[in-house]
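Chain by chain, the residues run as shown.
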Amino acid sequence: PAETNSTTGGRSGALTPGPSVGGDVQKIDVNPPKGTRDFPPEDMRLRNWLFNHFKEVSWLYGFEEVDYPVLESEALFTRKAGEEIKDQLYCFEDRGNRRVALRPELTPSLARLVIQKGKSVSLPIKWFTVGQCWRYERMTRGRRREHYQWNMDIIGVPGVMAEAELISSVVTLFKRIGITESDVGFKVSSRKVLQEVLNCYSVPEYLFGKVCVIIDKIEKIPVDEIKKELKAVGLSQEAVQKLLQVLSVKSLAELEERLGSSGEALADLKQLFSLAEKTGFSKWLQFDASVVRGLAYYTGIVFEGFDREGKLRAICGGGRYDHLFSTFGADDIAACGFGFGDAVIVELLKEKGLLPELNLHIDNIVCALDEDLQGCAAMVANILREKGHSVELVLESKPLKWVFKRAARVNAERLVLVGNSEWQRGVVGVKILSTAEQYEVKLEDLK
Ligand SMILES: OCc1cccc(Br)n1
């Protein structure tokens, strides 16, 4: 179904702007641009709840938060490997005639900053970010043009302990939000499987990314089209057959039969599954030779989180990308990471009935009972705020009926009334709204 502008249904604005001066002002479109979302308070509470989990897990795993501009040089993303992410680049020429793009992913920005920092950062680098990413897709399919991605990356660790740590961090995230291994799994493979097959047919290194991007489409387009595209980049009929065969391998044992026991792919995968066993998340993993992922720069282990009911698109994905840095003219450095989008996970939580109840809550609503006590009420509000208590201060003279309604709307715990006679006695009235208990408190004892 066409995506709504927001998760609450993309309704247009509730207020109809009043008559404008001269009457000739066109009413603006109150919806956000096609494919983008507003986050009104109820949606923003859910987003903050999810992003806070992302950040807390990142902290648990010792990652440091970083950020980059949403606008990058187009050159960061102009890989020539036929990737969808490149075809849908949200790019343009700015007023300085520079080719720029709204970032479609975060990894190239990370690589740019790591190269910029050079030797001034010690290894391993463990950075995370949650950032909005963009694509410009013809709205033929009504899909979103933006989403937020949580990214975690480990730079400078060649061994699969890094991939194990990354997958473990996603498992931790899932557990924190109530998702179990019966809801979600990780399909795991290694692009070294494909590399080993291509090496047997002397396929040149520069074709590797392109071949992987084509194979990643195996479940999206007919296999004959896959074969055609592979042959078009120069693979022999035999190489194509062998590639497709190895993608249907069902176990590491079968992989060993096909590729032999000495390859790096098998060694990496065996070590990863062994680490998962020891760490306690092996129930979440399954070897799946067909997992390739659609980004050209992956070079080793690749993985993707999927919903076991098979109703949704990939929840997250990632892998090793040991040669990305040299494509930016720098020395290569071992690297791996993942991206975790903010949309599919919410669909999954809805499916599983796991969306959290997130209501606005205010500690106090403070109200002056007389117009000339507004300043006193504001003072009371700030005494409470300085003590760390949230306050909704009634900003206009309102009937008590309105105040009680507002208290319910903002889910206030306490009503604090500032009245003339009480103020003369140095006290304020307090009403606990859940129990209707009420009493007076001296200003100096207010807490
Ligand atoms: O995951 C591909 C992608 C990239 C940018 C924006 C959106 Br929506 N989706």
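Please refer to the structure higher up on the page.
Residues numbered from 1 in each chain as written. Predicted model: local features only at pLDDT ≥ 70, side-chain atom pairs only at ≥ 80, totals over all residues. Heavy atoms only, no water.

**Focus on the pattern of salt bridges**
Then, in step 1: Under the criterion given, the structure shown has 28 salt bridges.
Then, in step 2: In this structure, the salt-bridge partner of Lys217 is Glu229, at a minimum N-O distance of 2.8 Å. Taken together, the positions of Lys217 in the loop between helix H6 (208-215) and helix H7 (223-232) and Glu229 in helix H7 put the pair twelve residues apart, joining distant regions of the chain.
Then, in step 3: Under the relative-accessibility criterion, Lys217 is labelled partly exposed at 24%.
Then, in step 4: Between Arg313 and Glu347 there is a salt bridge; the shortest N-O distance is 3.6 Å. Remark: Glu347 occurs in helix H11 (residues 344-351) and Arg313 occurs in the loop between strand E9 (301-307) and strand E10 (316-320); sequence separation between them is 34 residues.
Then, in step 5: Take Arg313: its relative accessible area is 39%, and that puts it in the partly exposed class. (Salt bridge = Lys/Arg side-chain N within 4 Å of Asp/Glu carboxyl O. Helix = DSSP H or I, 4+ residues; strand = E, 2+ residues; numbered from the N terminus. Buried < 20%, exposed > 50% of the residue type's maximum accessible area, 1.4 Å probe, protein only.)

**Description of the nonpolar core**
Then, in step 1: Core analysis: the biggest nonpolar cluster contains 77 residues, and Trp150, Phe174, Phe186, Phe340 and Ile345 have the highest contact counts within it.
Then, in step 2: Top contributing element to this core by residue count: helix H4 (residues 161-176), with eight residues.
Then, in step 3: Residue contacts for Ile345: discarding those within four places in its chain leaves Leu50, Phe174, Ile177, Ile315 and Phe340.
Then, in step 4: Grouped together as the second largest cluster of nonpolar side chains are 20 residues, Leu106, Leu113, Tyr298 and Leu324 included. (Core = buried A, V, L, I, M, F, W, Y, C linked by side-chain atoms within 4.5 Å. Contact = heavy atoms within 4.5 Å.)

**Some details on the sheet that holds strand E1 (residues 64-65)**
Then, in step 1: In space, the eight strands of this open sheet follow the order E1-E5-E6-E11-E10-E9-E7-E8, with mixed pairing throughout. Two strands lie at the open edges of the sheet, namely E1 and strand E8 (285-287), each paired on one side alone.
Then, in step 2: Summarising the sheet, strand E7 (residues 184-190) and E9 pair through seven bridges and their orientation is antiparallel. Looking at the pairing, Ser189 lines up with Val302 of E9. (Pairing = 2+ DSSP bridges.)

**Observations regarding the pairing of strand E14 (residues 412-418)**
Then, in step 1: Across the seven residues of E14, six count as buried, placing the element largely inside the fold.
Then, in step 2: Both strand E12 (residues 362-368) and E14 contribute to a ladder of six bridges, which runs parallel. Paired with Ile362 across the bridge in E14 is Ala412.
Then, in step 3: With four bridges joining them, E14 and strand E15 (residues 427-432) adopt antiparallel strand pairing.

**Comments concerning the packing of helix H5 (residues 191-200) against H6**
Then, in step 1: Packing of H5 against H6 brings their axes to within 11 Å, and their N-to-C directions diverge by 120 degrees. With respect to their mutual orientation, H5 and H6 come out oblique. Handedness of the H5/H6 crossing: right-handed. Contacts from Arg191, Leu194, Gln195 and Leu198 of H5 reach H6 at Phe208, Val211, Cys212 and Ile215.
Then, in step 2: Broken down by class, the residue content of the contact of H5 with H6 amounts to six nonpolar, one polar and one charged. (Axes fitted to C-alpha atoms, helices over the stretch in contact; angles between N-to-C directions. Parallel < 35°, antiparallel > 145°, perpendicular 65-115°, else oblique. Left-handed = near helix turned anticlockwise from the far one by under 90°. Nonpolar A, V, L, I, M, F, W, Y, C, P; charged D, E, K, R; others polar.)

**Focus on a nonpolar patch on the surface**
Then, in step 1: Residues Val70, Leu71 and Phe92 make up a contiguous nonpolar surface patch of about 210 Å² in total accessible area.
Then, in step 2: Judged by its relative accessible area of 31%, Val70 falls in the partly exposed class. (Patch = residues over 30% accessible without salt bridge, like charges linked within 9 Å, V, L, I, M, F, W, Y side chains within 5 Å. Areas by Shrake-Rupley, 256 points an atom, 1.4 Å probe, with all protein chains shown as cover.)

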